[in-house]
Every structure is written in C-alpha cells, then in structure tokens.
Amino acid sequence: MKNLIDDLIKIAFEAGEEIMKVYDTPLQVEYKEDKSPLTEADKRAHMVIYKRLQEISSFPVLSEEGKDISYNVRKKWEYFWMVDPLDGTKEFIKRNGEFTVNIALIHKNRPVAGVVYAPVLDVMYYGGEEIGAFKLQNGSEIKLDGKKERSVYKKSVTVVASKSHLNKETEEFINQLKNYFDEIKTVSVGSSLKICLLAERKADFYPRLAPTMEWDTAAAHAILSAAGGKIYKYSESFDLKKTDNFPELEYNKENLLNPYFVAIGPDVY
C-alpha cells in the first residue's frame, strides 16, 4: 500500500503541474451537457493521470472525463481507479485555489486508498487501509491520527459547508445540530478539501444534502476512513446518536450519482 500511495502522489503532482500551466493563462471554458464547466486543465490532468495509472497497474479507470463505461462492464471490476482530474472547476475558474486532483483506488465498492492534491495551496492529503492518513505540506509530513477527547455532548463543533452549494436543507441540518451542541461554527471551502478538513480534525461535520458524483468524494473518503472518520448516507430519519444504523457511501453503483450524505470526523463521539 505504501508503494502504491507513493506512486499516486507522484501522479497527482504531475497532474497538478499540468493544471498550473493553464491556471495562469486566459481561461477558455466549455460546458458539458449538464452545464458544468470544463477547461483545458481538466483535459490535461485527465490525460496525465490516465496514462500514468495504466503504467503502474492493470486496473481499469473510471473518471469524470471518461464516465460512459457500461455498468455491465463495471460491475465485474474487483479493483479500479476512481478519478476526478480537477475537482472544483468552479473554484478553478474563480482562481481561489480551492480545487483538487483526486485519485482513489476502489475495492468491492469501497475506497481503500486515495490522494487529494491542491496545487495552488501546495498541500497533499493521502491515506489508505493499514497505513493511515497523512498531510504533506511545505515538505513536512503530518500523520492525521492525533486523538482528542470528543463527545456528542461537547460544547462546540465545526461544520464545513460548500461555498457553491449551501442550500436550505443544509442550513436546516446545521440548525438541528443545536439539539446536541451549545455552539455551531461553520467554515466554507471548495472541492474535496471539505472532507479533508474532517480528516485533519479542523472540522467535525460535512452535510452534503445536494448532488455529488462518486468521483467527487472517493479519494477524500478513503483518506477520511484511514483517519477514522465516516461518510453515511443521509435520510430524514438520520440520527446522530444511532449512526451505525445508517450505511456508508458505496461506489461503482449503476447510477454514479451519490445519495445525500453526512461526513463525520474522527473522534466526534
């Protein structure tokens, strides 16, 4: 697993270099059928990642830029790569730096390894089963496993919310947390960095009661799991005191759209 993660880190760095070649030039933005934006940076990063992953393994690749693979083919995969070459294209267009390269290894519907790289911020999160979760920034590696005394009855928690998708349902969920905690702080950040903040223990909850795709969450989900956190499917009956009654997100479904979910950081309980 460690050798695999090292390879993924190198690939993510290379994809980030391609993105940065476009970042500082006048942007030309196309729009896909779902009206989501697409830039030259997305395409360049995809090409680099796809090529490099083929060099290190025989596993198939499922990417936002190559998502039209039949489920009849996909459902037979035991291992595969789930890739979002540029997560947070809207943030990229805004030039706020809060976009990421996401690469995950999926095994039987679960993310077991992942890297998330933010090239402008020069920060890399990575993790996997058996090795734990880490953050690499400015040449320093930090293991994201520091235990803190946490309780569902603690006085204050931090909720991370999307900059681009904060809706009424999310605001209502945040208000419901007041039944458990005395103080609710909120922080906004783009892309898969939201889930990484939980792995880093800089936030406690990330409710996503709006559409996402599997490649939006897979890599960060692997990192959060390696750090000790969870991502649960959300329903109106969701109960913070009975989270074990709710399933976690799964991958390689026939429909690649994620259900609504709530990500919970390590040691919240």
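Keep in mind it's a predicted model, so treat the numbers as computed, not measured. Chains are numbered independently. Their residues run from 1 in the order of the written sequence. Two thresholds apply to this predicted model, a pLDDT of at least 70 for residue-level local features and 80 or more for giving and counting side-chain atom pairs, whereas whole-chain, interface and lining totals are computed over all residues. The side-chain figures draw on all heavy atoms in the structure; neither hydrogens nor water molecules are used.

Before we go on, may I ask you to explain the packing of helix α1 (residues 2-23) against helix α2 (residues 40-56) in this structure?
When two helices pack together, their arrangement is given by the angle between the helix axes and the distance between those axes. Every angle, taken between N-to-C directions, lies between 0 and 180 degrees, and every axis is a line fitted to C-alpha atoms, over only the stretch in contact when it is a helix. Helix numbers and strand numbers start at the N terminus; a helix is a DSSP run of H or I with at least 4 residues, a strand a run of E with at least 2. At a closest axis distance of 8 Å, the pairing of α1 and α2 adopts a crossing angle of 155 degrees. As the angle between them shows, α1 and α2 are arranged roughly antiparallel. For the pair α1 and α2, the crossing hand works out as right-handed. On α2, the residues touching L4, D7, L8, I11, E14, A15, E18, I19, K21 and V22 of α1 are E40, A41, R44, A45, V48, I49, R52, L53 and I56. Amino acids are sorted into nonpolar (Ala, Val, Leu, Ile, Met, Phe, Trp, Tyr, Cys and Pro), charged (Asp, Glu, Lys and Arg) and polar (every other residue, Gly among them). Here the residues of the contact of α1 with α2 are counted per class, giving twelve nonpolar, no polar and seven charged. Angular relationships are summarised with four words: roughly parallel below 35 degrees, roughly antiparallel beyond 145, roughly perpendicular across 65 to 115, and oblique for the angles in between. It is the rotation of the near helix from the far one that decides the hand of a crossing: anticlockwise by less than a right angle makes it left-handed, clockwise makes it right-handed. Pairs of residues are marked as contacts when any of their non-hydrogen atoms sit within 4.5 Å.

What should I look at first to understand α1 in this one?
Residue pairs three or four apart in sequence face the same way in an α-helix, which turns once every 3.6 residues. In this analysis, the expected span of each helix is defined as 1.5 Å times one less than the number of residues it contains. When the terminal C-alpha atoms of α1 are compared, their 31 Å separation across 22 residues agrees well with the 32 Å that a helix rising 1.5 Å per residue should span. Partly exposed describes any residue whose relative accessible area lies between the buried limit of under 20% and the exposed limit of over 50%, with all areas from a 1.4 Å probe on protein chains only and scaled to the type maximum. Turning to α1, its buried residues are L4, I5, L8, I9, I11, A12, A15, G16, E18, I19, V22 and Y23. Packing partners of the buried residues in α1 comprise α2, β4 (79-87), α4 (89-94), β5 (100-107), β6 (110-118) and β7 (123-128).

Honestly, the pattern of salt bridges in this entry has me stumped. Any pointers?
Pairing is possible between side chains of opposite charge, provided their charged atoms come close. Here, a salt bridge means any side-chain nitrogen of Lys or Arg that lies within 4 Å of a carboxyl oxygen of Asp or Glu. In this structure the tally under the stated criterion is eleven salt bridges. We note a salt bridge from E40 to R44, for which the minimum N-O separation is 3.6 Å. Taken as a pair, E40 and R44 lie in helix α2 at a separation of four residues, close to a single helical turn. Judged by relative accessible area, which is 39%, E40 ranks as partly exposed. Here K202 ties to E200 by a salt bridge, and the two come within 3.3 Å at their closest N and O atoms. The exposure class assigned to E200 is buried, which follows from its relative accessible area of 15%. Through salt bridges with shared partners, a single ionic network connects E18, K21, E40 and R44.

How should the environment of K2 be read in this particular structure?
Structurally, K2 can be placed in helix α1. Among the residues examined, K2 registers a relative accessible area of 44% and is labelled partly exposed. In this structure, the C-alpha to C-alpha distance between K2 and G127, residues 125 residues apart in sequence, is 9.1 Å.

What am I meant to see in unusual backbone geometry here?
Leave glycine aside and you will find that most residues have negative phi; peptide bonds, for their part, are mostly trans. Positive phi, normally seen in glycine, also occurs at K108, with a value near 50 degrees. The topology assignment puts K108 in the loop between β5 and β6. A positive phi angle, close to 55 degrees, is found at D122, a residue other than glycine. Here D122 shows up in the loop between β6 and β7. Taking the relative accessible area as the measure of exposure, D122 reaches 35% and is therefore partly exposed.

Explanation requested: the packing of aromatic side chains in the structure shown.
Given two aromatic rings, their pairing is described by the distance between the two centres and the angle made by the two planes. Side-chain rings of Phe, Tyr and Trp, where Trp is taken by its six-membered ring, are said to pair if the distance between their centres is within 6.5 Å; with planes under 30 degrees apart they count as stacked, over 60 as edge-to-face, and otherwise as tilted. Following the criterion strictly, the structure yields 15 aromatic pairs and no others. Ring plane angle 50 degrees and centroid distance 5.2 Å describe the contact between W77 and F80, whose orientation is recorded as tilted. The exposure classification of W77 matches that of F80, with both residues buried. Geometrically, a charge over a ring is one whose NZ (Lys) or CZ (Arg) sits within 6 Å of the ring centre while staying within 35 degrees of the ring normal. One cation-aromatic arrangement involves R95 over Y23; the distance from NZ or CZ to the ring centre is 5.8 Å.

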